[in-house]
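Chain by chain, the residues run as shown.
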Amino acid sequence: LIALEGEVEEPDPRVISAARAGDARAFESLVRRYQADVYRFVLHLIRDPQAAEDITQESFVRAFRFLRRYRGDSRFTTWLFSIARNCVVDETRRWGRRHRVADRVGRERDASMSPDQTLAVEVREALATLPQELLEPVVLIDVFSLSYRETAEMLSVAEGTIKSRVHRAREQLIALLGPQGEERADDA
Amino acid sequence: MTPEPRCARFRRLISMQLDEHLTPDDAQELDRHLGECAACRAFEASQHALRRTLRLAPVAQTPDVTDAVMLRITREPNRQVWEARWRLTAIAGVAAALVVLATSFPVLERTPQIAQAADVTRLAFAAAGELDTYRATFEIVERGWHPDIEERRFRADVWYRAPEKFRLEVRDRTRYPTGSWPRNDIDVVSSPTRSWIRQPYACPTQALPGCAIQAGVEERTIVRRQPFDGTSLVPTDIVVPLETLATSDALNVVGNERIEGRASLHVQLSYRQAFPLVDALRPGGSWVPLLPLDRVDVWLDRESWFPLRYTVSRPPQEHPFLEVSATDFRRPGAIDERFFDAPRRGIVRSGGFVRRELPEGLRRLLPQYTAGLRPYRRGRNGAGQSVVSFTDGLSFLKITFDRMGSRPDIDEPAEVVRVGESSLGYYRPAAPRLPRRIDLFGRGRHARIESNLRREQLARVAGSMSLRGRAPRVTRSGGLLVRRLTRSQLEDADVGTAHDVLPDGYRAMGGWSSSGAGGRELAIVFLPSQTALEGSEIRLFRSTRVHQLPPTSEDMVGVDVEGSAARWSRERGELEWIDAAGIYRAITAPSLDLPSVVHIAREIESA
């Protein structure tokens, strides 16, 4: 299965209101609906599936705690990603920065992989080489379609800085993945 | 790929253009530059390709953290306030919002990859919680019903509204050779308080078509239904097969396939596990008999977990006996309530249920954990037992309380399972018309918990009830004294039977003896010790009360067991005979074939 990432749909405002008012079913539906996006986002940042699962869980528990404070100033998904990103920061502080990444890179390839899987591994490996300050903007903007403004708010940096970082990230990724990226993307 | 200094600025503009952040002036300037600079054009193409690559990269299997999150949340300090609130929330409004949300999901592409049978079970249960209404049409093709009829065709229409409203219309579209063949038209209408079924009344299949009995229809009504009083009249497995998928132990995930253009997951299991689904559209009437080990292939819709298609086959025979395909299914916003208005016709029976509040003493025994299900109907049943129920979407939980030792049904095979930290539960798999259940004992009480929740969830519900005891050793019922076998008696049974006769790994897990006027009975249940496969039990039964084999309309096979004439019911997986000493004996083993059961019978007889 190929997952089409990209813009994450916003929930029905009535569901958010119900969850904020304490409706368990509504909150559960939000978990069910957004857990895959949060997990993928976290996995891009931390690259350890087990840790990503734990952080996804933690993110929703925190989201539940903070939901009453969510006033709809930002998109719900942006708000949720901010929480997830904070959880990642906490986790990496605790365990040392991206300690597990090095363990995994370079060990994932396998001769029996399909072109799709190989491409996915190459993309993951290329992303893994980016420093955190470049990785976060490119994932948020290129994978999840956040705007410069939303990304800047989430990462607490100026919009101009985001523009510059996402550009540098893309340059580095293009250098790594090479010109064949185009053909491969068409295959995918 | 280091750009020339003058290109560096344009590359940054290319990046901004990709994000639609370019001023018209910059855009014009960039266009002009791209017209002249091949390196920057390549860079631009690469940027687009990169974004596509990032967005189209195959995703890893995504875990489902819903249960874990909801569990942690309910343990939050403000849980009491929160739970009280969600019970009071106007459910109807929220349910409508959820339907909107659910149907607006980007569909197939977001569905996680599934590798494990346990994932299938979990995801199907997750989907069922949100389901409120359902409407579907199925085409049924059946073979092997009668030698003169190559195949029969049916159309089945299903309407459902959670939790207990159900309507089924099965219409026989077969071209029979003559008009004397009975048409297998079936109707079922169920509402929370009443169920009605209409089915053809006809001769046994073997006697058709030249049968002396006039074909006709039979109607039955049940009034004052208990909540969730059985799967046959509200067979919700046709909506999402929760009961069928409840234990993933013996579920074989074949893979992802497309059915009528929809992404589906193909799973395989045996009929003995899948009967809640397979029999959902066959609640009455006359159908081809199926056997416990017949293979059932099910294709589940990856978005909704509705069954799109299922077949029942008996390899090596080439064609399936039964092929059922959904031709239309949806979640309508509303279904006219009159659809679920069950008539009161034919033979009327009462389930004896009366709405009542639970006595104070029992309220303390209610579970702390209900898997998120909301309180539903509660009252007393015809036997005077207190009944409470909980529901959400398709999922239900029902607890029946009575006094310890007042029920003689410890005869059923039960697996002793640890529930909670210090309690024992007696688990029984689903049986026709009975959902999976756990019995708990303690404080002079017996609680039976029945549910279509996942087995782990059912155990957690049981573990959250403050009943910590063992099943009574002796019960009295209708002049009978029923004794549960002691551990040492079971060990004796093991020594005498299991090691030499039964398949490897089988141990005597439970049993009982009864005595009273007219004779004695003994039953021993054997289960494989390391697994909990549903339907894998072997049960030996002996009675001095039965002097001749009870009559039945089943298609039986005659077999010789050490000089005694035995008969084999394929449908029940049961061999019965009266031995030389005049004692009735039966071996029930739905997972074994006839030669294996006959082997066991002969070994027992010669011992």
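Computed from a prediction, not measured in an experiment: that's the story for all the values here.

The rules behind each value
Residues numbered from 1 in each chain as written. Chains lettered and ligands numbered in written order. Predicted model: local features only at pLDDT ≥ 70, side-chain atom pairs only at ≥ 80, totals over all residues. Heavy atoms only, no water. Helix = DSSP H or I, 4+ residues; strand = E, 2+ residues; numbered from the N terminus. Buried < 20%, exposed > 50% of the residue type's maximum accessible area, 1.4 Å probe, protein only. Contact = heavy atoms within 4.5 Å. Areas by Shrake-Rupley, 256 points an atom, 1.4 Å probe, with all protein chains shown as cover. Disulfide = S-S within 2.5 Å. Core = buried A, V, L, I, M, F, W, Y, C linked by side-chain atoms within 4.5 Å. Salt bridge = Lys/Arg side-chain N within 4 Å of Asp/Glu carboxyl O. Pairing = 2+ DSSP bridges. Patch = residues over 30% accessible without salt bridge, like charges linked within 9 Å, V, L, I, M, F, W, Y side chains within 5 Å. Lys, Arg positive; Asp, Glu negative; His and termini not counted. Charge placed at Lys NZ, Arg CZ, Asp CG, Glu CD. Axes fitted to C-alpha atoms, helices over the stretch in contact; angles between N-to-C directions. Parallel < 35°, antiparallel > 145°, perpendicular 65-115°, else oblique. Bend = angle between axes of the 7 residues up to and from the residue. Polar contact = N/O pair within 3.5 Å; in protein donor to acceptor, adjacent residues only side chain to side chain. Nonpolar A, V, L, I, M, F, W, Y, C, P; charged D, E, K, R; others polar. Phe/Tyr/Trp six-rings, centres within 6.5 Å; stacked < 30°, edge-to-face > 60°.

(A) Region of the structure containing the overall build of chain A. Along the backbone of chain A there are ten helices and zero strands. Shown N-terminal to C-terminal, the secondary structure of chain A runs as helices and strands in the order α-α-α-α-α-α-α-α-α-α. Expressed as a percentage of its 188 residues, the buried residues of chain A come to 57%. Across chain A, the fraction of contacts at a sequence separation of at least 24, relative to all contacts at a separation of at least 6, is 67%. When the accessible surface of chain A is split by element, carbon and sulfur atoms take 46% of a total near 7,900 Å².

(B) Local environment of the state of the cysteines. All names here are of chain B. Under the definition given, this model contains zero disulfides over all chains. Cys 40 provides the cysteine sulfur closest to Cys 37, a residue in no disulfide bond, and the two sulfurs are 3.7 Å apart. Classification of Cys 37 by relative accessible area gives buried; the value is 10%.

(C) Representation of the nonpolar core. Grouped together as the largest cluster of nonpolar side chains are 75 residues, with contacts concentrated most on Phe27(A) and Phe76(A). In terms of residue count, helix H2 (residues 24–46) of chain A provides more of this core than any other element does, 13 residues in total. Within the second largest apolar cluster, 67 residues are counted, among which are Leu123(B), Leu131(B), Leu290(B) and Val296(B).

(D) Layout of the pattern of salt bridges. Residues and elements named next belong to chain B. Considering all chains together, one arrives at 50 salt bridges over all chains under this definition. Close ionic contact of Asp 336 with Arg 338 constitutes a salt bridge, the shortest N to O distance being 2.6 Å. Classification of Asp 336 by relative accessible area gives partly exposed; the value is 34%. Residue Arg 338 is classed as exposed on the basis of its relative accessible area of 64%. A salt bridge links Arg 585 to Asp 579; its shortest N-O distance comes to 2.8 Å. In terms of burial, Arg 585 and Asp 579 fall into one category: buried.

(E) Representation of the sheet that holds strand S19 (residues 436–442) of chain B in the model. In spatial order, the strands read S13-S14-S15-S16-S20-S19-S18-S17 (chain B); together these eight strands make up an open sheet with antiparallel pairing. Taken across any chain shown, the strands that pair with only one partner, and hence form the sheet edges, are strand S13 (354–355) and strand S17 (415–419) of chain B.

(F) Structural context of a positive patch on the surface. Together, Arg418(B), Arg470(B), Arg473(B) and Arg487(B) line one region of the surface with positive charge. For Arg487(B), the position within the fold is in helix H12 (residues 487–501).

(G) Focus on unusual backbone geometry. The linkage connecting Ala162(B) with the following residue, Pro163(B), adopts the cis geometry, with an omega of -5°. Relative to the helices and strands, Pro163(B) is located in the loop between strand S2 (149–161) and strand S3 (165–172). Here Ser156(A), not a glycine, exhibits a phi torsion of approximately 55°, which is positive. Mapped onto the fold, Ser156(A) is located in the loop between helix H8 (148–155) and helix H9 (159–177). Here Arg224(B), not a glycine, exhibits a phi torsion of approximately 50°, which is positive. Among the secondary structure elements, Arg224(B) is positioned in the loop between strand S6 (216–223) and helix H8 (242–245).

(H) Geometry of the environment of Arg520(B). Looking at where Arg520(B) falls in the secondary structure, it is placed in strand S24 (residues 519–528). Judged by its relative accessible area of 52%, Arg520(B) is exposed.

(I) Region of the structure containing the packing of H8(A) against H9(A). Residue and element names in this part refer to chain A. Relative to each other, H8 and H9 sit at 105°, their axes nearing to 8 Å. On the basis of their axis angle, the class for H8 and H9 is roughly perpendicular. For the pair formed by H8 and H9, the contact residues are Tyr 148, Arg 149, Thr 151, Ala 152 and Leu 155 on the first element and Glu 159, Ile 162, Lys 163 and Val 166 on the second.

(J) Structural detail: H2(A). Residue and element names in this part refer to chain A. For H2, the principal kink sits at Tyr 34 and spans about 50°. With respect to burial, H2 is a largely interior element, 22 of its 23 residues being buried. Two to three positions downstream of the cap, the backbone nitrogen of Arg 25 sits 2.9 Å from a side-chain oxygen, assigning the N-cap of H2 to Asp 23. At the exit of H2 stands Arg 47, carrying a positive phi of roughly 65°.

(K) Quick peek at the environment of Met509(B). The residue Met509(B) is located in strand S23 (residues 506–516) in this model. For the pair Met509(B) and Leu485(B), spaced 24 residues apart in sequence, the C-alpha to C-alpha distance is 9.8 Å.

(L) The arrangement of the packing of H9(A) against helix H1 (residues 5–18) of chain B in detail. Following both chains from N to C, one finds H9(A) and H1(B) inclined at 105°, their axes separated by 10 Å at the closest point. Between H9(A) and H1(B), the crossing angle belongs to the class labelled roughly perpendicular. On H1(B), the residues that touch Gly160(A), Lys163(A), Ser164(A), Val166(A), His167(A), Arg170(A) and Glu171(A) of H9(A) are Ala8(B), Arg11(B), Arg12(B), Ser15(B), Met16(B) and Leu18(B). Taken together, the residues that form the contact of H9(A) with H1(B) break down as four nonpolar, four polar and five charged.

(M) Layout of the packing of aromatic side chains. Residues and elements named next belong to chain B. Taken as a whole and judged by the stated rule, the model has 20 aromatic pairs over all chains. Summarising the aromatic geometry, the rings of Phe 154 and Trp 287 are spaced 4.6 Å apart at their centres and angled 45° between planes, so their arrangement reads as tilted. With Phe 154 in strand S2 and Trp 287 in the loop between helix H9 (271–278) and strand S9 (295–301), this residue pair connects regions lying 133 residues apart in the sequence. In this structure Trp 287 comes out as buried when scored by relative accessible area, which is 11%. Plain terms: the ring middles of Trp 159 and Phe 339 are 5.0 Å apart, the flat faces sit at 35° to each other, and that makes the pair tilted. In this pair, Trp 159 sits in strand S2 while Phe 339 sits in the loop between strand S11 (322–330) and strand S12 (347–350), placing the two residues 180 residues apart along the sequence.

(N) Layout of the pairing of strand S26 (residues 556–561) of chain B. All names here are of chain B. The pairing of S26 with strand S27 (residues 564–569) spans six bridges and is antiparallel. Bridge pairing links Met 556 to Ser 569 in S27. The antiparallel pairing of S26 with S27 creates a hairpin that spans two residues between the two strands, and Glu 562 there sits at a positive phi of about 45°.

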